[in-house]
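Descriptive analysis of the structure
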Amino acid sequence: RKQEVRVQETTTTMGFKLPKFYHYPPYFCYQTNANTLNKQLAVWGKFVLQYCQHKKLYALTPAQAIKTILFTNPKIKRSCPPALVAAILDHLVTLKRAHWTDKKKTHCLIYWRTPDEWADLIYTKVDSEGRQNTVTSLFDIREGEFAEGEEFEEINEDVLRKALKVLVKRGKAEIFGEEDSEGV
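Structure report, in brief. Computed from a predicted model, the values in this text were never measured in an experiment. (Residues numbered from 1 in each chain as written. Predicted model: local features only at pLDDT ≥ 70, side-chain atom pairs only at ≥ 80, totals over all residues. Heavy atoms only, no water.)

1. Describing the overall build of the protein
Scanning the protein from terminus to terminus reveals six helices and seven strands. Along the protein, helices and strands appear, N-terminal first, in the series β-β-α-β-α-β-β-α-β-β-α-α-α. The burial tally for the protein puts 38% of its 184 residues in the buried class. A fraction of 53% describes how many contacts in the protein between residues 6 or more apart in sequence connect residues 24 or more apart. For the protein, the accessible area works out to roughly 11,400 Å², and carbon and sulfur atoms hold 49% of it. (Helix = DSSP H or I, 4+ residues; strand = E, 2+ residues; numbered from the N terminus. Buried < 20%, exposed > 50% of the residue type's maximum accessible area, 1.4 Å probe, protein only. Contact = heavy atoms within 4.5 Å. Areas by Shrake-Rupley, 256 points an atom, 1.4 Å probe, with all protein chains shown as cover.)

Structure representation (structure tokens):
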């Protein structure tokens, strides 16, 4: 007779629902079987993207992230080893859902929306307000009136720049000015 294991759905104090796998200790160990590892990376990758979107996190520093609820479950007393965290982020990079900002892999941009998706959202707003062929500062796109109530409000500047480069490539925007007073 099969024994049934029930796992309670857990919600963090921030209202984020933790996935079921998060309560199973084996998911916090680096799996050596290639098929198992691929499945593990897929579920962790999805979780990282959902968590970052919920918290509006655009970047992770693996050394710090390991100490948070993202990669540590205090209820089962498990944390992902650094090699697993690096593998999860490398997996997201492979899927173009993340980008290492340095060769030592100490800082990673997380794309819970890809730069293309951010570009679409920003251009939709520009189009809906009839702001084509006008100048808008990066500050206004991130924090100003243009951004108020939009999903891209307070977007990470590096992610914003990548989205704007997409718009430039599409012929929908130009970036000009000095670094501290750039406009689009």
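Don't stop here, the text continues.
2. Quick word on the sheet that holds strand E6 (residues 98–100)
As summarised here, the arrangement of the three strands in space is E3-E7-E6, forming an open sheet in which the pairing is antiparallel. In the strand order of this sheet, the two ends are held by strand E3 (59–60) and E6, each with one partner. Pairing of E6 with strand E7 (residues 108–110) involves three bridges; the strand directions are antiparallel. Counted as the bridge partner of Ala98 is Ile110 from E7. (Pairing = 2+ DSSP bridges.)

3. What to know about the packing of helix H4 (residues 115–128) against helix H6 (residues 157–169)
Any two packed helices are characterised by how steeply their axes cross, that is the angle between the axes, and by the distance between the axes. One can describe the packing of H4 onto H6 by two numbers: an axis separation of 8 Å at closest approach and a directional angle of 75°. Regarding the angle of H4 to H6, the classification is roughly perpendicular. In this structure, H4 uses Pro115, Asp116, Trp118, Ala119, Ile122 and Tyr123 to contact H6, whose residues at the interface are Val159, Leu160, Lys162, Ala163, Val166 and Leu167. (Axes fitted to C-alpha atoms, helices over the stretch in contact; angles between N-to-C directions. Parallel < 35°, antiparallel > 145°, perpendicular 65-115°, else oblique.)

4. Structural notes on H4
Between the first and last C-alpha of H4 there are 20 Å, a value that for 14 residues agrees with the 20 Å anticipated at 1.5 Å per step. Taken as a whole, H4 has its buried residues at Pro115, Trp118, Ala119, Ile122, Lys125 and Val126. Relative to the axis of H4, the buried residues are bounded by an arc of 130° and lie together on one face. Facing away from the buried side of H4, by more than 90 degrees, are the exposed residues Thr124 and Ser128. In this fold, the buried residues of H4 make contact with helix H5 (138–142) and H6. Downstream of H4 by one or two residues, Gly130 has phi in the positive range, about 65°. (Expected span 1.5 Å × (residues − 1). Arc of directions from axis to C-beta.)

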